[in-house]
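# A look at the structure
Below are the chains, spelled out letter by letter.
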Amino acid sequence: MKEQEFVKLFTSSTKIILASNSNTRKKILQASNIEFDIRPHKVNEEEIKRKNQIKPPQNIVFEIAKAKALSQTLTNTEEIIIGSDQILVCDGKIISKAKSKDEAREKFQKLNNKMHRLISAICIIKKRECIWKKISCAEVFLKKMTTKMINKYLEENLEDALECVGGYKIEDDPMQLLTVHKGSLEDIQGFPISEFITLYKKRK
């Protein structure tokens, strides 16, 4: 779709809906001075991963992002629904978000002294059709951590460890554990939305 055709999809009254309860994604949109409402998605991410496990990771993450957007989409409205997701791949395996402190500890042990990939996808829906999508990949190296260091990190950063798929926030790395080998900040944060924001603001 050409830029001019894309911009025409929006009017001054077009409503933006973020199908997520992620604090990071909220802050990124707020920083862009875009008005939006939040309607958290109704998707079982692990079920989609199981059903699509033979597919490449970039296909899986896009299917999840699309499902999240569709879960909050109405056919006959002018709403624009943003669905997004991020998955982590290490040693060729997808590692999901930790649900407990013990799971977070196990995750850091798997990522310890290794490179991992963060694959992110955004699918933006209008009237149940995808009008814009983006898939990006970042590569991050987690420095070697002793068991004592892992435990200390979890004691001080448990909320991040459970909220983020990597167990960390790249913008807040108090122990300087991370080295970025590829990808922008928004790629690592799991919300590569800047290109869409630029196009969206051209509607005015």
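Presented here is an overview of the structure given in this document. (Residues numbered from 1 in each chain as written. Predicted model: local features only at pLDDT ≥ 70, side-chain atom pairs only at ≥ 80, totals over all residues. Heavy atoms only, no water.)

Along the protein, the regular secondary structure elements total eight helices and seven strands. For 204 residues, the compact-globule estimate of 2.2 N^0.38 gives 17 Å, and the protein sits close to it at 18 Å. Taking the principal axes of its C-alpha atoms as reference, the protein extends roughly 55 × 35 × 25 Å. When the 204 residues of the protein are sorted by exposure, 48% land in the buried category. Nonlocal contacts in the protein, meaning residues at least 24 apart in sequence, comprise 69% of its contacts between residues at least 6 apart. Taken as a whole, the protein presents about 10900 Å² of accessible surface, with 47% of it coming from carbon and sulfur. With 38 positive and 28 negative side-chain charges, the protein shows a separation of 3 Å between the mean positions of the two kinds. (Helix = DSSP H or I, 4+ residues; strand = E, 2+ residues; numbered from the N terminus. Rg over C-alpha atoms; globule rule 2.2 N^0.38 Å. Buried < 20%, exposed > 50% of the residue type's maximum accessible area, 1.4 Å probe, protein only. Contact = heavy atoms within 4.5 Å. Areas by Shrake-Rupley, 256 points an atom, 1.4 Å probe, with all protein chains shown as cover. Lys, Arg positive; Asp, Glu negative; His and termini not counted. Charge placed at Lys NZ, Arg CZ, Asp CG, Glu CD.)

Scanning all chains against the criterion turns up 16 salt bridges. Residue aspartate 37 pairs with lysine 15 through a salt bridge whose shortest N-O separation is 3.1 Å. Residue aspartate 37 is located in strand S2 (residues 37-38), and its partner lysine 15 is located in the loop between helix H1 (3-7) and strand S1 (16-18); the two are separated by 22 residues in the primary sequence. The exposure class of aspartate 37 is partly exposed, given its relative accessible area of 34%. Note that lysine 114 is salt-bridged to aspartate 91, the shortest N-O span being 2.6 Å. You can see lysine 114 sitting in strand S5 (residues 114-126) and its partner aspartate 91 sitting in the loop between strand S3 (80-90) and strand S4 (93-95), a full 23 residues away along the chain. (Salt bridge = Lys/Arg side-chain N within 4 Å of Asp/Glu carboxyl O.)

Another point: helix H2 (residues 23-31). For H2, the full list of buried residues reads Thr24, Arg25, Lys26, Ile28 and Leu29. The N-cap residue of H2 is serine 22: its side-chain oxygen and the backbone nitrogen of threonine 24 are 3.3 Å apart. Just downstream of H2, asparagine 33 is the residue with a positive phi angle, here 60°. (Polar contact = N/O pair within 3.5 Å; in protein donor to acceptor, adjacent residues only side chain to side chain.)

Tracing the backbone through its elements, the reader meets glycine 167 in the loop between helix H6 (147-163) and strand S7 (178-182). For glycine 167, a relative accessible area of 0% puts it in the buried group. Put simply, glycine 167 and serine 96 are 71 residues apart on the chain and 9.9 Å apart in space, counted from C-alpha to C-alpha.

Summed over the entire model, instances satisfying the criterion amount to three aromatic pairs. Among the aromatic side chains, those forming a connected cluster through ring pairs are Trp132, Phe196 and Tyr200. The ring of phenylalanine 62 has lysine 133 lying over it, and the distance from NZ or CZ to the ring centre is 5.1 Å. (Phe/Tyr/Trp six-rings, centres within 6.5 Å; stacked < 30°, edge-to-face > 60°. Lys NZ or Arg CZ within 6 Å of the ring centre and 35° of its normal.)

The phi dihedral of aspartate 91 is positive, around 55°, even though this residue is not glycine. Judged by its relative accessible area of 57%, aspartate 91 falls in the exposed class.

This part covers the state of the cysteines. Every disulfide links exactly two cysteines, by a covalent bond between their sulfur atoms. For the structure shown, the criterion picks out zero disulfides. The thiol of cysteine 130 is not disulfide-bonded; the next cysteine sulfur, from cysteine 123, is found 3.4 Å away. Cysteine 90 provides the cysteine sulfur closest to cysteine 137, a residue in no disulfide bond, and the two sulfurs are 13 Å apart. (Disulfide = S-S within 2.5 Å.)

Their axes nearest at 10 Å, the elements helix H5 (residues 101-111) and H6 cross at an angle of 110°. Put simply, H5 runs roughly perpendicular to H6. By crossing handedness, the relation of H5 to H6 is classed as right-handed. Residue-level contacts link Lys101, Ala104, Arg105, Phe108 and Gln109 of H5 to Ile150, Asn151, Tyr153, Leu154, Glu155, Leu158, Ala161 and Leu162 of H6. (Axes fitted to C-alpha atoms, helices over the stretch in contact; angles between N-to-C directions. Parallel < 35°, antiparallel > 145°, perpendicular 65-115°, else oblique. Left-handed = near helix turned anticlockwise from the far one by under 90°.)

What follows is about the pairing of S3. Counting buried residues in S3 gives 11 out of 11 residues, a clear majority hidden from the surface. The alternating pattern of S3 places Ile80, Ile82, Ser84, Gln86, Leu88 and Cys90 and Ile81, Gly83, Asp85, Ile87 and Val89 on opposite faces, both of which are buried. Here S1 runs beside S3; their pairing, made up of three bridges, is parallel. What sits directly across from isoleucine 16, in S3, is isoleucine 80. Summarising the sheet, S3 and S5 pair through nine bridges and their orientation is antiparallel. Across the sheet, residue glycine 83 finds its bridge partner in S5, namely cysteine 123. Note that S3 and S4 share three bridges and pair antiparallel. Among the inter-strand pairings, cysteine 90 is bridged to a residue of S4, identified as lysine 93. (Pairing = 2+ DSSP bridges.)

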